[in-house]
Structure formats: C-alpha cells, structure tokens
Amino acid sequence: MATIIYPENPSPVADAEAIRKACQGWGTDEKAIIAIFGHRNATQKKLIRRAYEELYNEDLVKRLESELSGHFEKAVYRWILDPEDRDAVMLHVAIKETPNPDYRVIIEYSCIYSPEEFLAVKRAYQARYKRSVEEDLAEHSAGDLRKLLVALVGIYRYAGEEINARVANAEADILHGAISNKEFNHEEIVRIISTRSIPQLIATLNRYKDDYGSSITKHLRDDANAAKEYLVALRTTIRCINDPQKYYEKVIRYAINESGTDEESLTRVIVTRAENDLKDIKEIYYKRNSVTLDHAVSKHTSGDYKAFLLALLGNDN
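No experiment lies behind these values; they were computed from the predicted model shown.

### So, the domain arrangement of the protein
Domain annotation for the protein reports domain 1 (12–68), domain 2 (83–154), domain 3 (165–225 + 233–242) and domain 4 (246–313). Here domain 2 and domain 3 have C-alpha centroids that lie 22 Å from each other. At the junction of the two partners, domain 2 supplies 11 residues and domain 3 supplies 11 residues. Of the roughly 980 Å² buried between domain 2 and domain 3 on both sides combined, carbon and sulfur atoms contribute 75%. At the junction of domain 2 with domain 3, the criterion picks out zero salt bridges. The tally of links from domain 2 across to domain 3 stands at two residue pairs in polar contact (both at pLDDT 80 or more). Per element, the largest residue contribution to the side of domain 2 that touches domain 3 is six residues, and it comes from helix H10 (residues 143–154). Taken together, the residues of the side of domain 2 that touches domain 3 break down into eight nonpolar, no polar and three charged.

And the structure:
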C-alpha cells in the first residue's frame, strides 16, 4: 500500500501559482514546495507541471533545479518527474557508476517492476538518451556481471500466474547441480533466473529449499572461483524476485545506520515506492528493527530533505 497522502481534486493552476510564489523574492520557500509536492500523486504532479509551463512559459523541473540544492533538490527532482522518466534517469546514473554499474538499481527495475512497467522505463530511457538500456549496460560492464545484467534487462518476462511444477522440480535440480560444482556463472543459472516468470521462479526457489534444506542464496556464498560482484548481484536478483518488500527494507536498513546515511539509496526507495508499497515496507522495517521508519529517517536526515521524505512517508509531524 502507498504512504503518500493527497487531496482528491487540488487545482493544478493554484498549485502552480503557489510554487511560482515560493520561488520568487529573497530565498525559496521550501516549506511551501514540500506542502504541495509532498502531497500530490503522479497524475496531479503532471498537471502541475503542465499548468506551470502554460502560465509562465517555463519548465518547472528546471526552475526547481535552480532553486533547490543538495539531497533535497535531488529528491524533489526525482519525485516530480513522470515515474518512467524518473526511473530512466536513475537507471542511467546507475549504469554509468564506476568501476561497475550499480547493479542493485538495474536488478530492482528488471525483477520487481512488471514487464509493462519496465518496458515503459526502457522506452523513456531511449527517448531521453538516444541509446538502449542494453547498449549502455553492455558498454559499462564486463564478464559474468555483464552476462547476467544484460540478460535481465533484455527479457520481457511472461506476466501470468501459471506454474509448471515439473519445470520447477527439474530446474531446481539444474540450479543445485551447477552450484554444487561451483559453476556459479553456468549459462543455465542465467537462463533460468533471467527468463522464467516470477511465479515460476518462486516455485523453483521454493522447491530448491525444500529439496536441499537451504535457500539458494545461502549456497551462493563468496567463492574464489567466481567474481564477488557477480555473486552479490545474483543473490540480489533472487532476493528481489523472492520478496521485494523484504529486499527494500534491507536496502533502507543499510542506508540509515550509525556509520552514516546513504542518501542515494534512501531517496530511491522512498521516491519509487511511496505510491506503491511503502506502507508494507514500513511495517517490515518496524518488525525487523523495533523502531518506526519515520523515526529512523528523522534521526538520520535533517532539514528540508528530512521534511520532504517524512511527507512522502505519510508523516508531517
């Protein structure tokens, strides 16, 4: 369930006028911007951008980029874009990471999003950057990691709920055979993980655990025969397929801790899930950590950035 709280029928013209006022004079009224964008869904945000451009002949996204700064600016920028355009931007940033792409973002989109949602992201990516996701990813990765990631982004998975128990049994055996022989980069592992539907894969992973007494991720531990980045990416893929909300909780938990805050990861999860399943992720976080996510965000962030994230979490206090 979503966490974002928004009015039913706000006036996009009134919102555009209020934002214009917030950006004029000495300094920017960040509280006014949070009060509006922290409480608007994707459709409402799109109407605000359109109204603003019609009223002032100016791109609202560019105006806010020039008015805001730091982690707050980045969070607002990603929030006000259309979802598929936002995800295309974040995917591009992830692919261009050095020395290796940020495979977490690539895996999240390719394994957690529905086939249609991810296809929309790939189309937005091509429209914005004039290159395909596969093309850029292949250029900026190498070895087994490239083989896995390009396979994941290049497929349009079947989206039905049907499960073939015979296939699940057979492919659980195939996976175990390859892993037992420490052939972690075996082509059959990549084929199964990258092409099967999510329900079919979950059935296979459950069969693996039932037959071999442990989850497959526990058997995919770091090994001298396999590149560490590849193995971590493979485990991440399986976690995203098996339990997306539990995976996102772990990303947030690692992003906010006593050693420092990973604002990039924290922003990504909150911005992309606030209109989807962030309430479920919050519940898992509380059960796992005995503290609310709202409290943790308040403790590890500050200023307008904190206020904006709390608004998206459904908490304005």
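Next comes the rest of the description.
### Looking at empty space enclosed by the protein
If you walk through the whole model with that rule in mind, you get one cavity of 30 Å³ or more. As a volume, the largest cavity reaches approximately 30 Å³. Lining the largest cavity we find Val61, Leu64, Glu65, Leu68, Glu73, Val76, Tyr77 and Ile80. Within the residue set of the lining of the largest cavity, elements represented by two or more residues are helix H4 (60–67) and helix H5 (70–80). If you tally residues by element for the lining of the largest cavity, the top one is H5, at four residues. Across the lining of the largest cavity, the residue classes tally to six nonpolar, no polar and two charged.

### Points about unusual backbone geometry
In this structure, Pro99 follows Thr98 across a cis peptide bond, with omega equal to 5°. Its location among the elements puts Pro99 in the loop between helix H6 (83–95) and helix H7 (103–112). Even without being glycine, Lys182 reaches a positive phi, approximately 60°. Within the element layout of this structure, Lys182 appears in the loop between helix H11 (165–180) and helix H12 (187–195). Owing to a relative accessible area of 43%, Lys182 belongs among the partly exposed residues under this scheme.

### A short note on the layout of surface pockets
Empty space left among the atoms is revealed by rolling a probe the size of a water molecule over them. Space inside the largest pocket adds up to approximately 410 Å³. Forming the boundary of the largest pocket are 17 residues, of which Thr217, Arg239, Asn242, Asp243 and Lys246 lie nearest the centre. For the lining of the largest pocket, the elements supplying multiple residues, two or more each, are helix H13 (198–212), helix H14 (216–219), helix H15 (228–242), helix H16 (244–255) and helix H18 (278–289). If one sorts the elements of the lining of the largest pocket by residue count, H16 sits on top with five residues. Looking at the lining of the largest pocket residue by residue, the classes come out as five nonpolar, four polar and eight charged. Among the domains, domain 3 (165–225 + 233–242) and domain 4 (246–313) are the pair contributing at least three residues each to the lining of the largest pocket.

Scoring rules and cut-offs
In every chain, residue numbers begin from 1 and rise along the written sequence. Confidence filtering applies because this is a predicted model: local features only for residues at pLDDT of at least 70, side-chain atom pairs given and counted only at 80 or more, and all residues used for totals across whole chains, interfaces and linings. Remark: hydrogens and water are excluded; side-chain values derive from all non-hydrogen atoms of the structure. Throughout the structure description, domain borders are defined by an automatic or database domain assignment. We call two residues contacting when some pair of their heavy atoms lies within 4.5 Å. Here the quantity called buried area is the accessible surface, traced with a 1.4 Å probe, that two parts lose on coming together, added over both. The salt bridge definition used is simple: a Lys or Arg side-chain nitrogen within 4 Å of an Asp or Glu carboxyl oxygen. Throughout this description, a polar contact denotes any pair of N or O atoms lying within 3.5 Å of each other; where both atoms belong to protein, one of them has to be capable of donating a hydrogen while the other can accept it, and for residues adjacent in sequence the pair is counted only when both atoms sit in side chains. Helix and strand definitions here come from DSSP, where helices need a minimum of 4 consecutive H or I residues and strands a minimum of 2 consecutive E residues; each element is numbered from the N-terminal end. Amino acid classes used here: Ala, Val, Leu, Ile, Met, Phe, Trp, Tyr, Cys and Pro are nonpolar; Asp, Glu, Lys and Arg are charged; the rest, including Gly, are polar. We place a 1 Å grid over just the protein atoms. Points where a 1.4 Å probe fits but has no way out form a cavity, open points with protein on both sides within 12 Å along at least 5 of 7 lines form a pocket, and any residue with an atom within 4 Å of a point lines it. Grid points are joined across faces, edges and corners, and a volume is the space filled by probe spheres set on the points. Only protein chains enter the accessibility calculation, which uses a 1.4 Å probe. A residue is then buried if its area is under 20% of the maximum for its type, exposed if over 50%, and partly exposed in between.

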